[in-house]
Every structure is written in structure tokens, then in C-alpha cells.
Amino acid sequence: MTNTVAIGIQWGDEGKGKIVDLMAPDVDVVARFQGGPNAGHTLVIGDKKTVLNHIPSGILHDDTLCLIGNGTVVDPFRLVEEMDMLLAAGIPVVERLKISERCQLILPYHRALDAAREAAKGAGKIGTTGKGIGPCYEDKTARRGIRLIDLTSADLNDRIEANLEYVNFMLTQYLKAAPVTRADVDEALDLARARLLPLAADVPLILQKRIKAGERILYEGAQGSMLDVDHGTYPFVTSSNTVAGAALAGLGVGPGQVDAVLGICKAYTTRVGAGPFPTELYNAEGKCDAENAGKHMAEKGNEFGSTTGRPRRTGWFDAVVVQHAVRINGVTGLAITKMDVLDGLEEVKLCVAYELNGERLESVPACCAQLEAATPVYETLPGWSESTFGATALDQLPANALALLRRIEAVCDCPVSMLSTGPDRNHIIHL
Ligand code: GDP
Ligand code: IMO
Ligand code: MG
């Protein structure tokens, strides 16, 4: 196994940053293939915490090349800010990072449209991260997007003018919002030209050379499978394919160049933003189960968005979701994170099926209204009072924690290859 796709298989924030960072020393290249600054990947090394939005989670390692692929969307302001944060910490980002010349730029009008559309939706809003992700991917498929390489193109001015005319009509006439000025857009373009264009590269060419030389590639996903625009809880999803297959199109590699798919999930479930969540126990709007297990997860797990700071909704591990993700991604191994957060609970539950109108459902219904109405069928296991925090070997786990792990493997029909027991890079058990 050399070239692994590491992806989130719930609703995001599964701990991808931590897992990718700890795998990075064993690979030569870490590459992002979709998403943009909606992602917030946290890396903890000792008392230092780093949150990455665009930049692959291998950036802290010497000798690791980091690539941002064509399938991503890049906000020049945010990416430059992220680079400067790392440069200030002494990380030689410019030497370690290459950006696909084909990646799409998030421009100020994308953020304005995202905000205005969400405001117009009112209570029916998706709860996006507000980073302009949806409008940018829309422009990409509508073939009016501006790619990094287009900064060098002679017709850039005409294309920007045409886009501004269109978006400002939408903003002012339809959404009753303020227009975006040409100066705002130029500021983003100038910044991208000065700081990002020098890092632009033919990413597929780099990857093929590296793969041919026998180097190892780690493909890092963003968001999670339930936020995938095709396979997730549509329309409460992000605007890209987040599944393992997207690594191929989002970087320009072939199916034979992926050997393994690591599905990263928490030992429970969280979601931020709106949309169905069958095993939800707790949210900031006031929902709380009688046993307070959801509140325990939110507090002990410090469940606040890494990018937006929004409180995350919490609930039990949903094996129906994870089974769905194992299928659509061809997951070959699971990485279970945040096991330590369950320490101290009297019992833990796994959702093994849903019930809808007296019928038992074994897979995730495609219809959001049905998923919303579905009731989880739980298996209950005894909890543990001992601490698993920071455990690095299976024999340090209480018997009931080990039993939960084995039950997850059996129910999801997938081996667990890693168990994370704390936020730090070293808090890990390899199975
Ligand atoms: P990502 O988007 O998938 O990279 O995940 P986030 O970084 O948004 O959220 C995961 C949060 O959990 C971060 O604050 C991590 O530092 C933290 N974390 C990751 N793994 C563990 C773990 O095993 N235990 C605990 N307690 N925290 C963890
Ligand atoms: P990482 O990579 C959790 C969610 C948003 C919203 C929906 C659409 O850190 O796991 P968008 O801004 O993408 O149009 O929002 O997707 N979402 C995430 N939730 N983790 C993320 O990324 C997310 N990226 C987007 O909350 O529900
Ligand atoms: Mg995150």
C-alpha cells in the first residue's frame, strides 16, 4: 500500500487534519483534491495548534511536497493569509507548496452571493460556511469561472466585466443586496497574481513523475461523504464531490494510482450547518437528550467549527452512514477518532438501522425528508469510566472501549486501522 486517499466519511470535522499530519512522514507528497476554505483541518503538536483551510496537512513536515489540485477552489485572500501564518511560524511554505494552474479562484462576488442567498433562504438556509464555495463551483460548471492560469490570459478583463455585470444584476435586482465593485475583485486578482501565480504548476505532471519514481502520495479529502454533492444529504451538502473517487479528477491521476482508501470517522457523529442527522442528541438550539450524552460529546469533544467557530450538533455513531460511506468510497480501512471523548459515559450506542413507517431501512435513503423522519435503531454497549486519553497501544484500552471498536468493525464490515485517542499527533493506536 503506497498511495492512500484519506477522507472524512461523516459530515466533516472527523479529524482528517490530525490523521493526515501523522501519516505525512511516511509519504513524499500530500495533495488536496476538492473543497476550499470551507475546510478547517486542525493539527496539534505539543502545545501548538495549527488550523489549515486550503493547504494540505503535510505542510509542517520537511521534505513533504504539498499540492493543491485542480478540483479545489482557492480564495486568494484566505490562502495568502494561511501562507503568511505559516511563514511567521518559520514554515518554508513557498518551497513546499504548488498550486494547480487550473484551480478555480473564489472572488469577492462568490462570497457576496453565498451570503445573500443564505440570507434570502431564511429559515431554509443550508448553513454554509459563507466562503463562497457554492457560487464558485457553479461558475466552474457554468464555464465562466476564473482559474489561476487565467490571470495571464488576454481576455481576463472582458471575462471579469461580464461576470460582474451578471452577479451584480443578481445581487441588486434579485437578492436585494449590495453590488461588488471592480476594485474589490482587482484586489483579489492582484494578490493572486503576486503571491499565488508564482506557485502555479502542472500538478498532474508533477504527480506522474513522482509516482513513476516510486514516491508515495497521500490524497487528503475535505468535508465528508455525507456532504458530497451526489452521495450526501442533498441539498444540505457542499458543492463538490468529497468521495474518494474525486481524488482522481481533482488532481489528474488514474484509478490504478490509488492503493488504499482510509475512511476517517469519529467514535460518535457531529454535523455543523442544517440538514438531516438521524442520531442527533444535542444542538445549540436547545435540543438535549435526557442522558446528556450529546452535551458530554459537545463539551468534552470541544465541538466548535475550526473555520467558523459555530457549535457542532452531536449524536451517536451512525453505522448506517458509515456503511454507506464504506460502499461509495471503497474504504479499505477505518480511522476512528475522538475515542477519548466517550470516556465517562455509562453506555454508548451505535445506530445499526433506521425505522421508517414501520419498515426497517438498512441504508441511507436518498430523500432528505425520509432521512429526517427516520428513527434510529440502536445497539447499546456498556461504557467505561477509565481514561483512554493519549493511549498508544490497544492493551491500554479498557475492555469496553475495545469491545466498541470491535463492534464498529463488525457492523461496518471494515477493519479499523487507526484509533485516535487525543488531538496530538502522538495520540494514536495503530492496529
Ligand atoms: P477535520 O476537519 O476533519 O480535520 O477536523 P477538525 O480539525 O475540524 O476537527 C477535529 C477536532 O478534533 C480538532 O479540534 C482536533 O484537534 C480534534 N481531534 C482530532 N482527533 C482527536 C481525538 O482523537 N481526540 C480528541 N479529543 N480530539 C481530537
Ligand atoms: P472539513 O474539511 C464540516 C458544511 C457546512 C454546510 C455545508 C455547505 O473541516 O471537514 P459550504 O460552505 O461548503 O457551501 O457549506 O457543508 N461544511 C462543513 N462541515 N466540516 C467541513 O470541512 C465543512 N465544509 C463545509 O457547514 O452545512
Ligand atoms: Mg474541520
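If you're wondering where the values come from, they're calculated on a predicted model, not measured in any experiment.

> Is there a simple way to explain the domain arrangement of the protein in this structure?
One frequently used descriptor of interface size is the decrease in accessible area upon assembly of the parts. Each assigned domain of the protein is listed with its residue range as follows: domain 1 (4–99 + 201–262), domain 2 (104–195) and domain 3 (265–430). One C-alpha centre belongs to domain 1, the other to domain 2, and the line joining them spans 24 Å. Between domain 1 and domain 2, the contact holds 25 residues from the first and 22 residues from the second. Roughly 1,800 Å² of surface becomes buried between domain 1 and domain 2 when both sides are summed, with 64% attributable to carbon and sulfur atoms.

> So what exactly am I meant to see when it comes to the site of ligand 1 here?
Taken together, 20 residues sit near ligand 1, with K16, T42, S306, D340 and S420 positioned nearest. Contact between ligand 1 and G15: an oxygen atom at 2.8 Å from a main-chain N or O atom of the residue. Bound to the protein, ligand 1 loses 92% of the 590 Å² it would expose on its own. Among the elements of the structure, α1 (16–23) and β3 (41–45) are those that each provide at least two residues to the shell around ligand 1. Tallied by class, residues from the shell around ligand 1 come to 3 nonpolar, 10 polar and 7 charged.

> Mind showing me how you'd approach the coordination of the magnesium ion (ligand 3) here?
Four donors placed tetrahedrally about a metal ideally form angles of 109.5 degrees, and six donors placed octahedrally ideally form angles of 90 or 180 degrees. Taken together, D13 (OD) and G40 (O) make up the full set of protein donors to the magnesium ion (ligand 3), lying 2.0 to 2.2 Å away. One end of the pair, D13, is in the loop between β1 (4–8) and α1; the other, G40, is in the loop between β2 (29–32) and β3, with 27 residues separating them in the sequence. Under the relative-accessibility criterion, G40 is labelled buried at 9%.

> Which parts of the structure should I look at to understand the site of ligand 2?
If you check the shell around ligand 2, you find 21 residues, and the closest are D13, K16, H41, T129 and T238. At 2.7 Å from an oxygen atom of ligand 2 is found a side-chain nitrogen or oxygen belonging to K16. Notes on ligand 2: free accessible area 550 Å², of which the protein chains cover 98%. Of the residues belonging to the shell around ligand 2, the class tally is 8 nonpolar, 10 polar and 3 charged.

About the criteria used
Residues numbered from 1 in each chain as written. Chains lettered and ligands numbered in written order. Predicted model: local features only at pLDDT ≥ 70, side-chain atom pairs only at ≥ 80, totals over all residues. Heavy atoms only, no water. Domains from an automatic or database assignment. Contact = heavy atoms within 4.5 Å. Buried area = accessible area lost by both parts, 1.4 Å probe. Near = heavy atom within 4 Å. Polar contact = N/O pair within 3.5 Å; in protein donor to acceptor, adjacent residues only side chain to side chain. Areas by Shrake-Rupley, 256 points an atom, 1.4 Å probe, with all protein chains shown as cover. Helix = DSSP H or I, 4+ residues; strand = E, 2+ residues; numbered from the N terminus. Nonpolar A, V, L, I, M, F, W, Y, C, P; charged D, E, K, R; others polar. Donors = N, O, S within 2.8 Å, 3.2 Å for Na, K, Ca; no water. Buried < 20%, exposed > 50% of the residue type's maximum accessible area, 1.4 Å probe, protein only.

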